[in-house]
Amino acid sequence: MPVTFPRAAKCDIKALAAQAGVARTGFYPKKNRDGSPRPGPYQHLAEEFERRLAELRETGVIPDPRAAQIERLKEQVAGLKGRLAACDAQIGGLTDFRERALSQIAAQRMEIERLRDVLAAPSNVRALPNSSGASAPYGSCS
(Lines give C-alpha, C1' and ligand atoms only; values in the text may rest on other atoms or scores of the structure.)
Protein backbone atom coordinates (compact mmCIF):
# COMPACT_ATOMS: atom_id res chain seq x y z
CA MET A 1 0.00 0.00 0.00
CA PRO A 2 1.56 3.33 -1.05
CA VAL A 3 2.23 5.91 1.61
CA THR A 4 0.26 9.12 1.14
CA PHE A 5 1.55 12.30 2.67
CA PRO A 6 -0.51 15.19 3.95
CA ARG A 7 -0.81 18.05 1.44
CA ALA A 8 1.52 20.32 3.43
CA ALA A 9 4.20 17.65 3.99
CA LYS A 10 7.19 17.04 1.79
CA CYS A 11 7.78 13.62 0.29
CA ASP A 12 11.01 12.75 2.07
CA ILE A 13 12.45 10.60 4.87
CA LYS A 14 11.53 13.16 7.53
CA ALA A 15 7.86 13.06 6.52
CA LEU A 16 8.01 9.26 6.25
CA ALA A 17 9.34 9.03 9.83
CA ALA A 18 6.63 11.38 11.08
CA GLN A 19 3.94 9.42 9.24
CA ALA A 20 5.24 6.11 10.66
CA GLY A 21 5.70 7.53 14.15
CA VAL A 22 9.35 6.48 14.47
CA ALA A 23 12.54 8.44 15.01
CA ARG A 24 14.14 9.67 11.80
CA THR A 25 17.54 8.40 12.93
CA GLY A 26 16.30 4.82 12.54
CA PHE A 27 16.42 5.25 8.74
CA TYR A 28 20.17 5.94 8.65
CA PRO A 29 23.20 3.67 9.21
CA LYS A 30 24.83 3.56 12.65
CA LYS A 31 28.38 3.02 13.82
CA ASN A 32 29.50 0.49 16.36
CA ARG A 33 31.88 1.48 19.16
CA ASP A 34 34.79 0.20 17.13
CA GLY A 35 33.79 2.48 14.20
CA SER A 36 32.43 -0.23 11.94
CA PRO A 37 29.14 0.62 10.20
CA ARG A 38 25.93 -1.24 10.93
CA PRO A 39 22.55 -0.72 9.33
CA GLY A 40 19.89 1.30 11.08
CA PRO A 41 16.72 -0.53 12.13
CA TYR A 42 14.67 1.00 9.31
CA GLN A 43 17.48 1.66 6.80
CA HIS A 44 16.11 -0.92 4.37
CA LEU A 45 12.79 0.96 4.33
CA ALA A 46 14.55 4.27 3.64
CA GLU A 47 16.46 2.70 0.75
CA GLU A 48 13.27 1.21 -0.68
CA PHE A 49 11.51 4.56 -0.23
CA GLU A 50 14.31 6.40 -2.07
CA ARG A 51 14.33 3.77 -4.83
CA ARG A 52 10.60 4.14 -5.40
CA LEU A 53 10.85 7.93 -5.39
CA ALA A 54 13.61 7.78 -8.01
CA GLU A 55 11.52 5.36 -10.07
CA LEU A 56 8.53 7.70 -9.96
CA ARG A 57 10.69 10.69 -10.93
CA GLU A 58 12.10 8.77 -13.90
CA THR A 59 8.58 8.13 -15.20
CA GLY A 60 7.76 11.85 -14.92
CA VAL A 61 5.56 11.65 -11.84
CA ILE A 62 6.22 14.23 -9.17
CA PRO A 63 5.33 12.43 -5.92
CA ASP A 64 5.96 15.43 -3.68
CA PRO A 65 2.81 17.61 -3.65
CA ARG A 66 4.88 20.65 -2.74
CA ALA A 67 7.31 20.05 -5.61
CA ALA A 68 4.37 19.56 -7.98
CA GLN A 69 2.88 22.83 -6.80
CA ILE A 70 6.23 24.57 -7.28
CA GLU A 71 6.48 23.21 -10.84
CA ARG A 72 2.92 24.30 -11.60
CA LEU A 73 3.61 27.78 -10.20
CA LYS A 74 6.83 28.04 -12.21
CA GLU A 75 4.88 27.25 -15.38
CA GLN A 76 2.27 29.86 -14.48
CA VAL A 77 4.96 32.45 -13.76
CA ALA A 78 6.61 31.72 -17.12
CA GLY A 79 3.25 32.15 -18.85
CA LEU A 80 2.59 35.40 -17.01
CA LYS A 81 6.06 36.68 -17.88
CA GLY A 82 5.33 35.94 -21.53
CA ARG A 83 2.02 37.78 -21.36
CA LEU A 84 3.69 40.70 -19.58
CA ALA A 85 6.39 40.91 -22.27
CA ALA A 86 3.70 40.90 -24.97
CA CYS A 87 1.78 43.65 -23.16
CA ASP A 88 4.98 45.70 -22.76
CA ALA A 89 5.68 45.35 -26.48
CA GLN A 90 2.11 46.39 -27.31
CA ILE A 91 2.32 49.38 -24.96
CA GLY A 92 5.62 50.38 -26.57
CA GLY A 93 4.04 50.23 -30.03
CA LEU A 94 1.02 52.23 -28.90
CA THR A 95 3.27 54.84 -27.26
CA ASP A 96 5.22 55.23 -30.52
CA PHE A 97 1.96 55.52 -32.45
CA ARG A 98 0.69 58.16 -30.02
CA GLU A 99 3.88 60.19 -30.36
CA ARG A 100 3.71 60.02 -34.17
CA ALA A 101 0.03 60.97 -34.16
CA LEU A 102 0.59 63.95 -31.83
CA SER A 103 3.53 65.07 -33.97
CA GLN A 104 1.42 64.82 -37.11
CA ILE A 105 -1.46 66.73 -35.49
CA ALA A 106 0.96 69.45 -34.36
CA ALA A 107 2.40 69.71 -37.89
CA GLN A 108 -1.10 69.93 -39.39
CA ARG A 109 -2.07 72.64 -36.93
CA MET A 110 1.05 74.65 -37.77
CA GLU A 111 0.24 74.33 -41.49
CA ILE A 112 -3.35 75.47 -40.90
CA GLU A 113 -2.13 78.48 -38.88
CA ARG A 114 0.40 79.32 -41.62
CA LEU A 115 -2.30 79.16 -44.29
CA ARG A 116 -4.62 81.36 -42.19
CA ASP A 117 -1.83 83.91 -41.76
CA VAL A 118 -1.18 83.92 -45.53
CA LEU A 119 -4.89 84.38 -46.18
CA ALA A 120 -5.19 87.22 -43.66
CA ALA A 121 -2.12 89.08 -44.93
CA PRO A 122 -2.63 91.48 -47.85
CA SER A 123 -1.33 89.77 -50.97
CA ASN A 124 -2.45 88.62 -54.37
CA VAL A 125 -3.93 85.43 -52.84
CA ARG A 126 -7.71 85.63 -52.67
CA ALA A 127 -10.32 83.27 -51.27
CA LEU A 128 -12.42 81.50 -53.87
CA PRO A 129 -15.98 82.69 -54.01
CA ASN A 130 -18.70 80.37 -52.80
CA SER A 131 -20.69 79.21 -55.78
CA SER A 132 -24.27 78.89 -54.76
CA GLY A 133 -25.47 78.31 -58.30
CA ALA A 134 -25.95 74.86 -59.68
CA SER A 135 -24.31 75.69 -63.01
CA ALA A 136 -20.84 74.44 -63.84
CA PRO A 137 -17.99 76.90 -63.58
CA TYR A 138 -16.56 78.58 -66.71
CA GLY A 139 -14.41 76.32 -68.78
CA SER A 140 -15.95 73.13 -67.57
CA CYS A 141 -15.48 70.06 -69.69
CA SER A 142 -18.98 68.85 -69.05
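Residues numbered from 1 in each chain as written. Predicted model: local features only at pLDDT ≥ 70, side-chain atom pairs only at ≥ 80, totals over all residues. Heavy atoms only, no water.

**Things to note about the overall build of the protein**
Along the backbone of the protein there are three helices and two strands. Reading the protein from its N terminus to its C terminus gives the helix and strand order α-β-β-α-α. Across the 142 residues in the protein, those meeting the buried criterion constitute 11%. (Helix = DSSP H or I, 4+ residues; strand = E, 2+ residues; numbered from the N terminus. Buried < 20%, exposed > 50% of the residue type's maximum accessible area, 1.4 Å probe, protein only.)

**Overview of the environment of G26**
As for its position among the elements, G26 is in the loop between α1 (13-20) and β1 (30-31). Owing to a relative accessible area of 6%, G26 belongs among the buried residues under this scheme. For the pair G26 and Q43, spaced 17 residues apart in sequence, the C-alpha separation works out to 6.7 Å. When near neighbours in sequence (up to four residues on either side) are disregarded, G26 contacts G40, P41, Y42 and Q43. (Contact = heavy atoms within 4.5 Å.)

**Describing the confidence of the model for the protein**
For the protein, per-residue confidence averages 81 on the pLDDT scale, and residues scoring 70 or more make up 83% of the total. Element-level mean pLDDT values for the protein span from 79 in α1 up to 93 in helix α3 (residues 65-120). (pLDDT = per-residue confidence, 0-100.)

**Thoughts on the pattern of salt bridges**
The full count for this structure, using the stated rule, is five salt bridges. With its nearest N and O atoms 2.6 Å apart, the salt bridge here joins E48 to R51. One end of the pair is E48 and the other is R51, both in helix α2 (residues 43-58) and three residues apart, which spans about a single turn. When its relative accessible area of 41% is taken as the criterion, R51 is described as partly exposed. Linking E111 and R114 is a salt bridge whose minimum nitrogen-to-oxygen distance equals 2.7 Å. Placement of both E111 and R114 in helix α3 is noted, with a separation of three residues, approximately one turn of the helix. According to the relative accessible area criterion, R114 is partly exposed, its value standing at 43%. One connected set of salt bridges, linked through shared partners, spans E48, R51, R52 and E55. (Salt bridge = Lys/Arg side-chain N within 4 Å of Asp/Glu carboxyl O.)

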